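# Structural description and commentary
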2 protein chains.
Amino acid sequence: MTADPDGGYHLHEQIGFVLRKANQRHLAIFSARIGDLTPPQFAALAKLKEIGETSQNQLGSLIAMDAATVKGVIDRLRARGLVEIGKDGADKRRLLVSLTVEGRDLIERLVPLATSITGETLAPLTQREVATLLRLLGRIA
Amino acid sequence: MTADPDGGYHLHEQIGFVLRKANQRHLAIFSARIGDLTPPQFAALAKLKEIGETSQNQLGSLIAMDAATVKGVIDRLRARGLVEIGKDGADKRRLLVSLTVEGRDLIERLVPLATSITGETLAPLTQREVATLLRLLGRIA
DNA sequence: TTGATATCATTCGTATACAAACGAATTGCC
DNA sequence: GGCAATTCGTTTGTATACGAATGATATCAA
(Lines give C-alpha, C1' and ligand atoms only; values in the text may rest on other atoms or scores of the structure.)
Protein backbone atom coordinates (compact mmCIF):
# COMPACT_ATOMS: atom_id res chain seq x y z
CA MET A 1 0.00 0.00 0.00
CA THR A 2 2.42 2.59 1.20
CA ALA A 3 5.33 0.71 -0.33
CA ASP A 4 7.17 2.41 -3.14
CA PRO A 5 6.08 0.77 -6.41
CA ASP A 6 9.54 1.01 -7.95
CA GLY A 7 11.35 0.04 -4.78
CA GLY A 8 13.64 3.04 -5.18
CA TYR A 9 15.34 5.08 -2.51
CA HIS A 10 14.03 8.61 -2.25
CA LEU A 11 15.95 11.01 -0.07
CA HIS A 12 12.94 13.20 0.65
CA GLU A 13 11.05 10.31 2.30
CA GLN A 14 13.84 9.46 4.74
CA ILE A 15 13.32 10.42 8.35
CA GLY A 16 16.77 11.96 8.63
CA PHE A 17 16.20 14.35 5.78
CA VAL A 18 12.75 15.41 6.98
CA LEU A 19 14.04 15.95 10.50
CA ARG A 20 16.80 18.15 9.18
CA LYS A 21 14.34 20.26 7.17
CA ALA A 22 11.95 20.64 10.09
CA ASN A 23 14.87 21.78 12.20
CA GLN A 24 15.82 24.35 9.58
CA ARG A 25 12.35 25.83 9.53
CA HIS A 26 12.25 26.01 13.29
CA LEU A 27 15.64 27.72 13.38
CA ALA A 28 14.46 30.30 10.85
CA ILE A 29 11.39 31.10 12.95
CA PHE A 30 13.51 31.24 16.10
CA SER A 31 16.09 33.63 14.74
CA ALA A 32 13.41 35.88 13.25
CA ARG A 33 11.89 36.32 16.71
CA ILE A 34 14.95 36.03 18.95
CA GLY A 35 17.78 37.42 16.90
CA ASP A 36 20.46 37.84 19.51
CA LEU A 37 20.37 34.37 21.05
CA THR A 38 20.71 30.95 19.42
CA PRO A 39 18.48 28.00 20.37
CA PRO A 40 21.32 26.27 22.26
CA GLN A 41 22.06 29.47 24.17
CA PHE A 42 18.38 29.86 24.94
CA ALA A 43 18.20 26.23 26.07
CA ALA A 44 21.08 26.74 28.48
CA LEU A 45 19.48 29.81 30.05
CA ALA A 46 16.04 28.18 30.22
CA LYS A 47 17.41 25.08 31.91
CA LEU A 48 19.40 27.11 34.41
CA LYS A 49 16.22 28.97 35.27
CA GLU A 50 14.43 25.64 35.77
CA ILE A 51 16.99 23.97 37.97
CA GLY A 52 19.30 26.67 39.30
CA GLU A 53 23.06 26.29 39.64
CA THR A 54 24.75 23.16 38.24
CA SER A 55 28.07 21.97 36.92
CA GLN A 56 28.89 22.61 33.28
CA ASN A 57 28.77 18.94 32.26
CA GLN A 58 25.58 18.32 34.19
CA LEU A 59 23.95 21.22 32.41
CA GLY A 60 25.17 19.79 29.14
CA SER A 61 23.60 16.42 29.75
CA LEU A 62 20.31 18.09 30.70
CA ILE A 63 20.18 19.97 27.40
CA ALA A 64 21.75 17.21 25.30
CA MET A 65 25.11 18.79 24.55
CA ASP A 66 28.46 17.13 24.92
CA ALA A 67 31.20 18.66 27.04
CA ALA A 68 32.97 20.39 24.17
CA THR A 69 29.80 21.96 22.83
CA VAL A 70 28.46 23.16 26.14
CA LYS A 71 31.76 24.81 26.94
CA GLY A 72 31.50 27.03 23.87
CA VAL A 73 27.90 27.94 24.63
CA ILE A 74 28.67 28.83 28.25
CA ASP A 75 31.78 30.79 27.24
CA ARG A 76 29.71 32.99 24.94
CA LEU A 77 26.95 33.48 27.49
CA ARG A 78 29.59 34.36 30.04
CA ALA A 79 31.20 36.89 27.73
CA ARG A 80 27.81 38.59 27.54
CA GLY A 81 27.32 38.59 31.28
CA LEU A 82 24.27 36.30 31.20
CA VAL A 83 25.78 33.48 33.25
CA GLU A 84 28.66 33.28 35.70
CA ILE A 85 30.80 30.45 36.98
CA GLY A 86 32.08 29.61 40.42
CA LYS A 87 34.13 26.88 42.00
CA ASP A 88 32.71 23.88 43.74
CA GLY A 89 34.30 23.58 47.18
CA ALA A 90 33.59 19.88 47.44
CA ASP A 91 34.91 18.91 44.00
CA LYS A 92 37.69 20.99 42.55
CA ARG A 93 37.10 19.63 39.06
CA ARG A 94 33.68 21.20 38.76
CA LEU A 95 32.58 24.56 37.49
CA LEU A 96 29.28 25.72 38.88
CA VAL A 97 27.27 27.67 36.33
CA SER A 98 24.47 30.01 37.32
CA LEU A 99 22.37 32.83 35.88
CA THR A 100 23.38 36.41 36.55
CA VAL A 101 20.69 38.97 37.30
CA GLU A 102 20.86 40.04 33.66
CA GLY A 103 20.55 36.44 32.51
CA ARG A 104 17.52 35.85 34.70
CA ASP A 105 15.88 39.03 33.49
CA LEU A 106 16.52 38.13 29.88
CA ILE A 107 15.25 34.56 30.04
CA GLU A 108 12.11 35.68 31.85
CA ARG A 109 11.40 38.23 29.18
CA LEU A 110 12.06 35.72 26.40
CA VAL A 111 9.89 32.85 27.59
CA PRO A 112 6.69 34.34 26.10
CA LEU A 113 8.54 34.78 22.79
CA ALA A 114 9.73 31.19 22.91
CA THR A 115 6.17 30.04 23.43
CA SER A 116 5.11 31.91 20.34
CA ILE A 117 8.02 30.40 18.39
CA THR A 118 6.79 26.94 19.30
CA GLY A 119 3.30 28.03 18.27
CA GLU A 120 4.39 29.35 14.89
CA THR A 121 6.48 26.26 14.18
CA LEU A 122 3.45 24.05 14.89
CA ALA A 123 0.91 26.37 13.27
CA PRO A 124 0.27 24.04 10.29
CA LEU A 125 -1.07 21.38 12.68
CA THR A 126 -4.19 21.03 14.79
CA GLN A 127 -3.89 20.67 18.56
CA ARG A 128 -4.54 16.96 18.28
CA GLU A 129 -1.85 16.61 15.62
CA VAL A 130 0.63 18.54 17.75
CA ALA A 131 0.09 16.13 20.61
CA THR A 132 0.58 13.17 18.28
CA LEU A 133 3.73 14.61 16.75
CA LEU A 134 5.34 15.35 20.10
CA ARG A 135 4.47 11.89 21.39
CA LEU A 136 5.94 10.11 18.35
CA LEU A 137 9.02 12.33 18.18
CA GLY A 138 9.62 11.75 21.85
CA ARG A 139 9.74 8.04 21.19
CA ILE A 140 12.45 8.26 18.54
CA ALA A 141 14.46 10.98 20.31
CA MET B 1 -6.70 18.80 29.41
CA THR B 2 -3.28 18.82 27.92
CA ALA B 3 -2.56 22.27 29.29
CA ASP B 4 0.23 22.55 31.80
CA PRO B 5 -1.35 22.99 35.23
CA ASP B 6 1.32 25.40 36.42
CA GLY B 7 1.52 27.24 33.13
CA GLY B 8 5.31 26.95 33.19
CA TYR B 9 7.67 26.71 30.27
CA HIS B 10 9.40 23.34 30.01
CA LEU B 11 12.23 23.05 27.56
CA HIS B 12 11.76 19.33 27.03
CA GLU B 13 8.23 19.81 25.70
CA GLN B 14 9.24 22.34 23.06
CA ILE B 15 9.22 21.15 19.47
CA GLY B 16 12.64 22.64 18.78
CA PHE B 17 14.29 20.74 21.58
CA VAL B 18 12.66 17.43 20.67
CA LEU B 19 13.58 17.86 17.01
CA ARG B 20 17.18 18.45 17.97
CA LYS B 21 17.27 15.32 20.11
CA ALA B 22 15.67 13.16 17.43
CA ASN B 23 18.26 14.45 14.99
CA GLN B 24 21.03 13.53 17.40
CA ARG B 25 19.81 9.98 17.73
CA HIS B 26 19.51 9.63 13.98
CA LEU B 27 23.04 10.95 13.50
CA ALA B 28 24.39 8.45 16.02
CA ILE B 29 22.72 5.57 14.19
CA PHE B 30 23.93 6.89 10.85
CA SER B 31 27.55 7.23 11.84
CA ALA B 32 27.58 3.82 13.50
CA ARG B 33 26.55 2.25 10.17
CA ILE B 34 28.16 4.60 7.68
CA GLY B 35 31.26 5.85 9.36
CA ASP B 36 33.12 7.40 6.49
CA LEU B 37 30.37 9.63 5.12
CA THR B 38 28.25 12.28 6.85
CA PRO B 39 24.49 12.59 6.26
CA PRO B 40 24.93 15.76 4.17
CA GLN B 41 27.60 14.05 2.05
CA PHE B 42 25.34 11.04 1.64
CA ALA B 43 22.44 13.31 0.69
CA ALA B 44 24.52 14.98 -2.02
CA LEU B 45 25.55 11.65 -3.55
CA ALA B 46 22.02 10.21 -3.31
CA LYS B 47 20.50 13.25 -4.99
CA LEU B 48 23.09 13.23 -7.76
CA LYS B 49 22.23 9.59 -8.38
CA GLU B 50 18.54 10.49 -8.54
CA ILE B 51 18.81 13.41 -10.91
CA GLY B 52 22.22 13.22 -12.59
CA GLU B 53 24.43 16.22 -13.29
CA THR B 54 23.40 19.65 -11.93
CA SER B 55 24.89 22.95 -10.91
CA GLN B 56 26.25 23.28 -7.40
CA ASN B 57 23.59 25.74 -6.23
CA GLN B 58 20.79 23.74 -7.79
CA LEU B 59 22.00 20.64 -5.97
CA GLY B 60 22.09 22.67 -2.78
CA SER B 61 18.50 23.76 -3.09
CA LEU B 62 17.43 20.17 -3.77
CA ILE B 63 19.04 18.94 -0.55
CA ALA B 64 18.26 22.06 1.50
CA MET B 65 21.77 23.50 1.84
CA ASP B 66 22.75 27.07 1.23
CA ALA B 67 25.50 27.96 -1.21
CA ALA B 68 28.25 28.22 1.38
CA THR B 69 27.40 24.88 2.96
CA VAL B 70 27.06 22.94 -0.26
CA LYS B 71 30.41 24.22 -1.43
CA GLY B 72 32.17 22.67 1.53
CA VAL B 73 30.36 19.36 1.10
CA ILE B 74 31.17 19.17 -2.62
CA ASP B 75 34.80 20.17 -2.01
CA ARG B 76 35.25 17.28 0.39
CA LEU B 77 33.52 14.79 -1.89
CA ARG B 78 35.68 16.00 -4.74
CA ALA B 79 38.85 15.59 -2.70
CA ARG B 80 37.86 11.95 -2.24
CA GLY B 81 37.14 11.42 -5.93
CA LEU B 82 33.43 10.75 -5.42
CA VAL B 83 32.16 13.66 -7.51
CA GLU B 84 33.68 15.80 -10.23
CA ILE B 85 32.91 19.23 -11.59
CA GLY B 86 32.82 20.56 -15.13
CA LYS B 87 32.04 23.86 -16.79
CA ASP B 88 28.71 24.78 -18.26
CA GLY B 89 29.24 25.98 -21.82
CA ALA B 90 26.02 27.96 -21.85
CA ASP B 91 26.53 29.73 -18.53
CA LYS B 92 30.07 30.45 -17.45
CA ARG B 93 29.05 31.09 -13.85
CA ARG B 94 27.90 27.52 -13.30
CA LEU B 95 29.78 24.51 -12.06
CA LEU B 96 28.26 21.22 -13.15
CA VAL B 97 28.58 18.55 -10.48
CA SER B 98 28.33 14.85 -11.28
CA LEU B 99 29.15 11.46 -9.76
CA THR B 100 32.39 9.76 -10.68
CA VAL B 101 32.39 6.02 -11.27
CA GLU B 102 33.65 5.57 -7.72
CA GLY B 103 30.91 7.84 -6.38
CA ARG B 104 28.22 5.91 -8.23
CA ASP B 105 29.58 2.59 -7.00
CA LEU B 106 29.69 3.85 -3.44
CA ILE B 107 26.20 5.31 -3.32
CA GLU B 108 24.73 2.18 -4.86
CA ARG B 109 26.40 0.05 -2.23
CA LEU B 110 25.27 2.36 0.57
CA VAL B 111 21.58 2.65 -0.29
CA PRO B 112 20.68 -0.64 1.45
CA LEU B 113 22.55 0.55 4.53
CA ALA B 114 20.70 3.86 4.43
CA THR B 115 17.41 2.00 4.31
CA SER B 116 18.38 0.08 7.42
CA ILE B 117 19.40 3.32 9.14
CA THR B 118 15.94 4.72 8.49
CA GLY B 119 14.51 1.46 9.81
CA GLU B 120 16.53 1.52 12.99
CA THR B 121 15.72 5.17 13.64
CA LEU B 122 12.01 4.42 13.32
CA ALA B 123 12.16 1.05 15.10
CA PRO B 124 10.31 2.28 18.22
CA LEU B 125 7.23 3.02 16.08
CA THR B 126 4.66 0.87 14.31
CA GLN B 127 4.20 1.20 10.55
CA ARG B 128 1.09 3.25 11.07
CA GLU B 129 2.90 5.57 13.46
CA VAL B 130 5.77 5.96 11.01
CA ALA B 131 3.35 7.07 8.32
CA THR B 132 1.73 9.55 10.71
CA LEU B 133 5.06 10.94 11.87
CA LEU B 134 6.37 11.47 8.35
CA ARG B 135 3.12 13.12 7.29
CA LEU B 136 3.08 15.54 10.25
CA LEU B 137 6.81 16.30 10.03
CA GLY B 138 6.43 16.98 6.34
CA ARG B 139 3.84 19.63 7.13
CA ILE B 140 6.08 21.56 9.50
CA ALA B 141 9.26 21.12 7.42
C1' DT C 1 46.61 3.23 51.43
C1' DT C 2 47.56 3.01 47.02
C1' DG C 3 46.75 1.87 42.42
C1' DA C 4 43.34 1.23 38.65
C1' DT C 5 39.36 3.46 37.01
C1' DA C 6 36.21 7.04 36.24
C1' DT C 7 34.75 11.88 35.92
C1' DC C 8 35.26 17.00 34.85
C1' DA C 9 36.72 20.35 31.99
C1' DT C 10 39.70 21.74 28.20
C1' DT C 11 41.79 21.60 23.67
C1' DC C 12 42.33 20.24 18.87
C1' DG C 13 40.60 18.85 14.51
C1' DT C 14 36.89 18.26 11.29
C1' DA C 15 32.25 19.11 9.44
C1' DT C 16 28.02 21.29 9.00
C1' DA C 17 25.13 25.71 8.96
C1' DC C 18 24.05 30.41 7.82
C1' DA C 19 24.61 35.65 7.19
C1' DA C 20 26.90 39.05 4.69
C1' DA C 21 29.77 40.90 1.23
C1' DC C 22 31.97 40.25 -3.12
C1' DG C 23 33.22 39.71 -8.28
C1' DA C 24 31.81 37.59 -12.53
C1' DA C 25 28.30 36.51 -15.61
C1' DT C 26 23.45 36.58 -17.21
C1' DT C 27 18.85 38.27 -17.74
C1' DG C 28 15.22 41.61 -18.05
C1' DC C 29 13.56 45.67 -19.59
C1' DC C 30 13.40 50.10 -21.96
C1' DG D 1 22.18 48.20 -27.38
C1' DG D 2 22.75 49.12 -22.66
C1' DC D 3 21.91 49.43 -17.86
C1' DA D 4 19.67 47.63 -13.61
C1' DA D 5 18.53 43.70 -11.15
C1' DT D 6 19.50 38.93 -10.48
C1' DT D 7 22.01 34.71 -10.16
C1' DC D 8 26.28 31.75 -9.38
C1' DG D 9 29.95 30.71 -6.83
C1' DT D 10 33.40 32.17 -3.34
C1' DT D 11 35.14 33.95 0.93
C1' DT D 12 34.97 35.41 5.74
C1' DG D 13 33.17 35.23 10.28
C1' DT D 14 30.51 33.10 13.89
C1' DA D 15 28.19 29.17 16.15
C1' DT D 16 26.99 24.63 16.89
C1' DA D 17 28.30 19.51 17.01
C1' DC D 18 31.16 15.60 18.04
C1' DG D 19 35.41 12.41 18.37
C1' DA D 20 39.71 11.97 20.53
C1' DA D 21 43.36 13.13 23.55
C1' DT D 22 44.86 15.29 27.90
C1' DG D 23 45.60 16.88 32.78
C1' DA D 24 43.54 17.34 37.24
C1' DT D 25 40.83 15.39 40.58
C1' DA D 26 37.71 11.72 42.78
C1' DT D 27 36.31 7.27 43.74
C1' DC D 28 36.63 2.51 44.47
C1' DA D 29 38.68 -1.69 45.56
C1' DA D 30 42.14 -4.81 46.97
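Refer to the structure printed above.
An account of the accompanying structure is given in this report. (Residues numbered from 1 in each chain as written. Chains lettered and ligands numbered in written order. Predicted model: local features only at pLDDT ≥ 70, side-chain atom pairs only at ≥ 80, totals over all residues. Heavy atoms only, no water.)

### Focus: the packing of helix α1 (residues 15-33) of chain A against helix α1 (residues 15-33) of chain B
The following threshold applies: Comment: axis = line fitted to C-alpha atoms, over the contacting stretch for helices; angle = value between 0 and 180 degrees taken between N-to-C directions. Counting from the N terminus, the helices are the DSSP runs of H or I reaching at least four residues and the strands are the DSSP runs of E reaching at least two. Note: crossing handedness is left-handed where the near helix turns anticlockwise from the far helix by less than a right angle, and right-handed where it turns clockwise. Any two residues whose heavy atoms approach within 4.5 Å at even a single point are treated as in contact. Ten residues, namely Ala, Val, Leu, Ile, Met, Phe, Trp, Tyr, Cys and Pro, are considered nonpolar, four, namely Asp, Glu, Lys and Arg, are considered charged, and the remaining ones, Gly among them, are considered polar.
Where α1(A) contacts α1(B), the two axes come as close as 10 Å, and the packing angle between them is 150°. Remark: the crossing between α1(A) and α1(B) carries left-handed chirality. On α1(B), the residues that touch A:Ile15, A:Gly16, A:Leu19, A:Arg20, A:Ala22, A:Asn23 and A:His26 of α1(A) are B:Ile15, B:Gly16, B:Leu19, B:Arg20, B:Ala22, B:Asn23 and B:His26. Residues of the contact of α1(A) with α1(B), tallied by class, amount to 6 nonpolar, 6 polar and 2 charged.

### Observations regarding the interface of chain A and chain B
Selection criterion: What counts as buried area is the accessible surface, traced by a 1.4 Å probe, that two parts surrender upon association, with contributions from both included. Counted as salt bridges are all cases of a side-chain nitrogen of Lys or Arg within 4 Å of a carboxyl oxygen of Asp or Glu. Polar contact is defined as a pair of N or O atoms within 3.5 Å, subject to the rule that within protein one atom must be able to donate a hydrogen and the other to accept it, and that residues adjacent in sequence are counted only when both atoms are side-chain atoms.
Between chain A and chain B, the residue contacts involve 46 residues of the former and 46 residues of the latter. Buried area between chain A and chain B, both sides added, is near 4300 Å², and the carbon and sulfur share of it is 69%. Along the contact surface separating chain A from chain B lie 4 salt bridges. Among the ionic pairs, B:Arg135 bridges to A:Glu129, the shortest N-O distance being 4.0 Å. Summed over the shared surface of chain A and chain B, the number is 20 residue pairs in polar contact (both at pLDDT 80 or more). Breaking the side of chain A that touches chain B down by element, the ones donating at least two residues are α1, α2 (39-51), α5 (101-121) and α6 (127-140) of chain A. Ranked by residues supplied to the side of chain A that touches chain B, first place goes to α1(A) with 12 residues. In the side of chain A that touches chain B, the residues fall into 25 nonpolar, 12 polar and 9 charged.

### Regarding the sheet that holds strand β2 (residues 83-87) of chain B
Residue and element names in this part refer to chain B. Note the following rule: Paired strands, as defined in this entry, are two strands with at least two bridges between them according to DSSP.
The 3 strands are arranged β1-β3-β2 in an open sheet whose pairing can be described as antiparallel. Strands at the two margins of the open sheet, each flanked by one partner only, are β1 (54-55) and β2. Relative to strand β3 (residues 95-99), β1 is paired through 2 bridges, and the arrangement is antiparallel. If you follow Thr54 over to β3, its bridge partner there is Val97. Helix-sheet contacts for helix α2 (residues 39-51) involve β1, β2 and β3, and the interaxial angle to β3 is about 95°.

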